[in-house]
Amino acid sequence: MASVTADDRKSGRMPFLVLATLGVVYGDIGTSPLYTIRECFGAMTGLPLREDTILGILSLIFWALMIVVTIKYILLVLRADNRGEGGVLALMALALRQPGIVNGTRRMIIIIGLLGTSLFYGDGVITPAISVLGAVEGLKVYEPELGPYTLVISTAILLALFIAQRGGTNKVGVAFGPVMCVWFLTIAVLGGINIARAPAVLWAINPLHAVTFFITYKWQGFAAIGAVLLAVTGAEALYADMGHLGRKPIQVAWLGFVLPSLLLNYFGQGALLLHNPTAIANPFFLLVPEWGQYPLLILSILAAIIASQAVISGAFSLTRQAIQLGYLPRMSVRHTSESEIGQVYVPAVNWALMLAVIIVVLGFGESSELASAYGIAVTAEMILTTFLAIIVFGGAEMGHLRYLRIGLSFLISIDLTLFSSTVLKITDGGWFTLLIAATMLTIMITWKRGREVLTDRIYREALPIRQFVNNLRDNNLTRVKNTAVFMTSNPDVTPSALLHNLKHNQVLHERVILMTIITETVPRVLRKQKVVIHDYGKGFYGVTANFGFMERPNVPHILKLCGAYGLEFEMMKTSFFLSRETLVPSRRNDLSPWQERLFIALSHFALSATRFFGLPPGRVVEMGTQIEV
């Protein structure tokens, strides 16, 4: 979905954007009613099914949605936008730009951002599995004899979903909004019908029911919070997808449509349990009359697929940001829509996610088992988002924004309570989510540190480019026609590829360009700020290309932009020189032995600079060198 501007909203597109928001943003949290109430009375909590416990759980769900989602995310966190973009990496980049950030705080902010990113991958594995399993398990309610086939059906649906990713979501995405609109209307009506049968359930809005619940059930009540938080999973998507749709459509959709629908359904399930306790086997699917069972089952599966798609697309987008910021190796990132910049496909992430999700489905077997693994990553990510938001609002110049910092400081205590309740789930499957997050965090830290060490090795004793140019003696050097572009990460020193070319071929081109790609801590860089050119003399130029972390670096495009500054290029008369480093372990202590091995292994999978920067393969020359890390 393309980014939204004020002109879009003024042009009457708001209804369309709100509809699109339902499909893109609210799939995850919108499918939570499939399993939340059932898990609140599951084996983990051991709660008796009585009126006071039903009203207590409903009160907790109501206030969780109001405080965590409505107040924290909708009203507060959405204000922390990085030039319109949201999400943990965008928030990290925004926090790093705050005035007065010292090195120690800077490191802490980076670690928080990377940890939040890692936790998102853990969530990205669990969400598709629990959503699809929870929907397909409706077969057990309506056709018990088909129960053994739920795993096969769920696996087939997920396989088809991941295989379909390479075709892009722009075609099927058009239907996401209308389908989710039907979904929310359906669950609202089903809930409302059952509330009419037991209207006393509405008293659960009173927070005293939640307080009494805790006083009465103590430890069981604390354990129940771990199940209640299932109602707010997906709240991070509200913030992460802000750049695609804008703050206003997300707020309007939540307050005017999604929140009322969710509350009606949760309270409807509670009303059903009040007059039919046996419905606890699956209170969501038992809300519907017999004639509507299969339509609801089909609609639930579609909604679960949409919820899964939102998380998968989010993983692709987050990976692209991490690559641009230098925390992951270069990977193939394919743009699947010519008009919608947010739609990308990352094959390596897609197949890795697919493998992990299938393992989770087959390993856990039921959504109830998966619920034990769900929530840890979500609540931890919420805490980290709040910490970063406090830093951002604390450094804001506008006085009234400082009050938001105070509010967020209070809300973080709510996040910590939710997280502490999920600690009980670690041995029951939560360890798997933490394992995924720890693996991703290790990879990102190792890659970033490895690149820093490698850069230091390459440029530690490098010759300054101005000194190199000043020492050139044209009468002793052959200058050949056309242009040579040398890709370098440090524009102040002479690229090793240039020195190798000069040493072995003993020639220089008439015009030499030192091209440096810099990723800024903003989503996108304005066209007029994209290129900075330095004239070193004697036909040498430095070209610095600035990209945002949401943009795809493209060198041929940058060369075209140079024409506005009097630097014209003909692609068929331009050669691109790259350094290809062969990495070998060293005895230095910059990296530990296991980090060296991991970094070298990751470098083998990194996409070539030719493909990543969009260079024409037929015009590329690679100069090899061996470097110890």
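Residues numbered from 1 in each chain as written. Predicted model: local features only at pLDDT ≥ 70, side-chain atom pairs only at ≥ 80, totals over all residues. Heavy atoms only, no water.

### Brief notes about the pairing of strand β6 (residues 540-547)
Then, in step 1: The element β6 is largely enclosed, with a buried count of seven among its eight residues.
Then, in step 2: The pairing of strand β4 (residues 507-519) with β6 spans eight bridges and is parallel. The residue of β6 that forms the bridge with threonine 516 is threonine 544.
Then, in step 3: With six bridges connecting them, strand β5 (residues 531-537) and β6 associate as antiparallel partners. Counted as the bridge partner of isoleucine 533 is valine 543 from β6.
Then, in step 4: Connecting the antiparallel pair β5 and β6 is a turn made up of two residues, with lysine 538 showing a positive phi of about 55 degrees. (Buried < 20%, exposed > 50% of the residue type's maximum accessible area, 1.4 Å probe, protein only. Helix = DSSP H or I, 4+ residues; strand = E, 2+ residues; numbered from the N terminus. Pairing = 2+ DSSP bridges.)

### Some details on the side chain of glutamine 293
Then, in step 1: Note that glutamine 293 resides in helix α15 (residues 293-324).
Then, in step 2: Assessed through its relative accessible area of 18%, glutamine 293 is described here as buried.
Then, in step 3: Excluding its chain neighbours within four sequence positions, the residues that come into contact with glutamine 293 are Tyr142 and Val288. (Contact = heavy atoms within 4.5 Å.)

### Quick look at the environment of cysteine 40
Then, in step 1: Structurally, the position occupied by cysteine 40 is in helix α4 (residues 36-40).
Then, in step 2: Placed 185 residues apart in sequence, cysteine 40 and isoleucine 225 show a C-alpha to C-alpha distance of 8.1 Å.
Then, in step 3: With near-sequence residues (within four places) excluded, cysteine 40 lies in contact with Thr45, Leu47, Ile57, Ala227 and Val228.

### What to know about helix α24 (residues 593-605)
Then, in step 1: For α24, which comprises 13 residues, the first-to-last C-alpha distance of 19 Å matches the rise-based estimate of 18 Å (1.5 Å per residue) to within 8%.
Then, in step 2: All of the buried residues along α24 are Gln595, Glu596, Phe599, Ile600 and Leu602. Axial view of α24: buried residues confined to an arc of 160 degrees, hence all on one face. Exposed positions of α24 whose direction lies more than 90 degrees from the buried face are Pro593, Arg597, His604 and Phe605.
Then, in step 3: Against the buried residues of α24 lie α20 (430-459) and β7 (574-584). (Expected span 1.5 Å × (residues − 1). Arc of directions from axis to C-beta.)

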